[in-house]
Amino acid sequence: MSIIVQKYGGSSVATPDRIKSVARRIADRKDTGDGVVVVVSAMGDSTDTLTVLADQLTDAPPPREMDMLLSTGEIVSTALLTMALKAIGYDAIGLDGNQAGIQTTREHRRAQIQEIDPSRIHENLETGKIVVVAGFQGISEGLDITTVGRGGSDTTAVALAAKLGADVCEIYTDVEGVYTADPRIEPKARQLIELNFEEMAELANHGARVLHSRAVELAWVYNVPILVASSFTEKQGTLIHGGRNMEMKDKVKGIAHDLDVTKVTILGVPDHPGIAASIFSPLSDAGISVDIIVQNSSVDKLTDLSFTVERSSLDEALAVINPITKTIGASSLTSNTNLAKVSVVGAGMQSQPGYASTMFECLNKVGVNIEMITTSEIRITCIIHEEGVQKAIRALHSAFELEADIEES
Ligand code: ADP
Ligand code: ASP
Ligand code: MG
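Below you will find a few notes about this structure. Everything quoted here is computed from the prediction, not taken from an experiment. (Residues numbered from 1 in each chain as written. Chains lettered and ligands numbered in written order. Predicted model: local features only at pLDDT ≥ 70, side-chain atom pairs only at ≥ 80, totals over all residues. Heavy atoms only, no water.)

## Considerations on the pairing of strand β1 (residues 3–8)
Logical step 1: Burial runs high along β1: six of the six residues are buried.
Logical step 2: Along β1, one buried face is formed by Ile3, Val5 and Lys7 and the opposite face, lined by Ile4, Gln6 and Tyr8, is buried too.
Logical step 3: Of the strand pairs in this sheet, β1 and strand β2 (residues 35–40) are connected by six bridges, and their pairing is parallel. Note on β2: the bridge partner recorded for Tyr8 is Val40.
Logical step 4: Alignment of β1 against strand β9 (residues 169–173), held across four bridges, turns out to be parallel. Considered in β9, the bridge of Val5 is made with Cys169. (Buried < 20%, exposed > 50% of the residue type's maximum accessible area, 1.4 Å probe, protein only. Helix = DSSP H or I, 4+ residues; strand = E, 2+ residues; numbered from the N terminus. Pairing = 2+ DSSP bridges.)

## As for the sheet that holds strand β10 (residues 194–196)
Logical step 1: Spatial strand order, β3-β6-β2-β1-β9-β11-β12-β10: eight strands in an open sheet with mixed pairing. If you trace the sheet from one side to the other, it starts and ends with β3 (92–95) and β10, each paired once. Adjacent strand axes in the sheet meet at a mean angle of 20° when their direction is disregarded.
Logical step 2: Examined bridge by bridge, strand β11 (residues 226–230) and strand β12 (residues 238–241) share three bridges and lie antiparallel to one another. From the neighbouring strand, Ile226 faces β12, where its bridge partner is Ile240.
Logical step 3: Each of β2, β3 and β6 (130–134) is contacted by helix α3 (residues 63–87), which is oriented at about 165° to β6, the strand it contacts most.
Logical step 4: Sheet contacts for helix α6 (residues 197–205): β10 and β12; angle to β10, the most-contacted strand, approximately 90°. (Axes fitted to C-alpha atoms, helices over the stretch in contact; angles between N-to-C directions. Contact = heavy atoms within 4.5 Å.)

## Remarks on the nonpolar core
Logical step 1: Val5, Val37, Ile121, Val133, Met200 and Ile240 are the most contacted members of the largest nonpolar core, which has 42 residues in total.
Logical step 2: Element by element, the count of residues in this core is highest for helix α5 (residues 153–164), at six residues.
Logical step 3: For Val37, the residues in contact, after removing those within four places along its chain, are Ile3, Ile4, Val5, Gln6, Ile121, Leu125, Val131, Val133, Leu160 and Leu164.
Logical step 4: Formed by 26 residues, the second largest nonpolar core is a distinct cluster that contains Val175, Ala181, Val252 and Leu402. (Core = buried A, V, L, I, M, F, W, Y, C linked by side-chain atoms within 4.5 Å.)

## Digging into the site of ligand 1
Logical step 1: What surrounds ligand 1 is a group of 16 residues, the closest being Thr173, Tyr179, Asp182, Arg184 and Arg209.
Logical step 2: Contacts to ligand 1 include Asp182, whose side-chain N or O atom sits 2.9 Å from an oxygen atom.
Logical step 3: Arg184 places a side-chain nitrogen or oxygen 2.6 Å from an oxygen atom of ligand 1.
Logical step 4: For ligand 1, whose free accessible area comes to 570 Å², the fraction covered by protein is 89%. (Near = heavy atom within 4 Å. Polar contact = N/O pair within 3.5 Å; in protein donor to acceptor, adjacent residues only side chain to side chain. Areas by Shrake-Rupley, 256 points an atom, 1.4 Å probe, with all protein chains shown as cover.)

Structure follows, in structure tokens:
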């Protein structure tokens with residue numbers, strides 16, 4: 001029996017009617033004879049609602065209890081979707097993360113999936129049941145409930161697809177696939193038919209929230225193709241796979257943006273060996289992930305050092321860096337939260353000159369100032385002020401001719 005894994009996001013199961021419609025789609029898939037495992041997110045915005053509840057009780061919700069609280073959102077939708085399947089005559093069982101055998105590391109709110117014991121899922125598939133699994137959660141070695149980061153049901157789905165040897169992981173959401181830019185920001189964005197893992201990983205890592213970035217990384221490592229499609233229509237969707245583009249016709253594939261950016265700058269840092277390690281090792285020990293780092297060339301053996309972190313990590317980062325600033329004799333510490341990242345991505349850009357200058361000229365033309373720049377082989381990222389994001393995306397979308405009809409790779 002071949003197995004397929006489907007995942008339905010929050011907007012796809014936001015109401016009882018939506019749950020009924022999703023149940024019908026799953027039933028139709030089951031009728032084709034495959035073993036069907038379904039991963040489901042919490043209904044609509046219910047994870048945000050749970051977060052607001054916690055915030056009304058405390059300024060610092062304990063991470064362990066936050067995970068306990070947030071995991072309930074996916075348990076509700078799992079139970080309801082399973083009931084909806086049974087109500088239309090399909091045998092199904094709902095499993096929470098623990099029951100589904102999803103074992104994670106201990107870091108609450110950002111645990112990593114370490115192993116999956118698939119025995120209970122297999123037992124149920126063998127008896128013909130549809131298995132519905134609560135996304136986003138697992139259980140740590142200490143038997144505490146953990147969650148794998150916001151948007152993490154995608155990662156649950158891909159991890160299960162890899163473990164179960166599924167042919168494909170189908171991710172159903174509220175857009176018809178992966179677009180050349182977030183269609184909510186750029187109405188001219190065009191749906192892509194396919195992308196390779198590397199391109200999708202760059203887009204997701206730099207803010208394209210249509211897929212959780214760790215889901216793409218897992219799919220790449222385990223070579224599990226992902227189909228992103230709408231749960232509201234029957235359109236074809238976007239296939240993300242491990243293939244190479246034969247011809248690099250689509251040089252820039254898409255534009256990603258991310259509003260979750262904060263810049264921390266340490267001014268007047270003495271420029272001698274070991275300084276960078278004394279700043280970044282404690283940040284890494286505290287589990288804070290640093291994105292872009294820029295160090296100015298030194299004048300009189302003093303330099304300025306800037307780096308970016310997610311907004312939610314700012315307070316923690318400042319608490320770690322403040323005492324270090326004093327120990328190393330730097331002059332001051334500042335932070336700026338009104339920033340955003342805009343990235344252009346495409347495997348075809350590899351070793352081709354001219355893309356960076358096109359991007360910088362385009363931003364200059366629309367009056368968007370660039371604060372920081374980073375690149376990979378297939379990506380150029382600029383940090384800009386957040387109020388310029390929409391203008392920047394639309395201008396870049398046009399400059400790189402992404403509206404044009406270049407859908408095939
Ligand atoms: P789900 O609840 O199904 O997981 P998400 O809200 O996490 O859905 O992801 C879908 C959203 O991702 C879309 O509504 C869209 O606004 C956003 N998005 C950002 N970048 C892109 C992109 N390049 N292509 C498609 N959607 C994108
Ligand atoms: N419900 C969780 C969230 O809103 C996980 C997910 O939807 O993927 O972040
Ligand atoms: Mg999502």
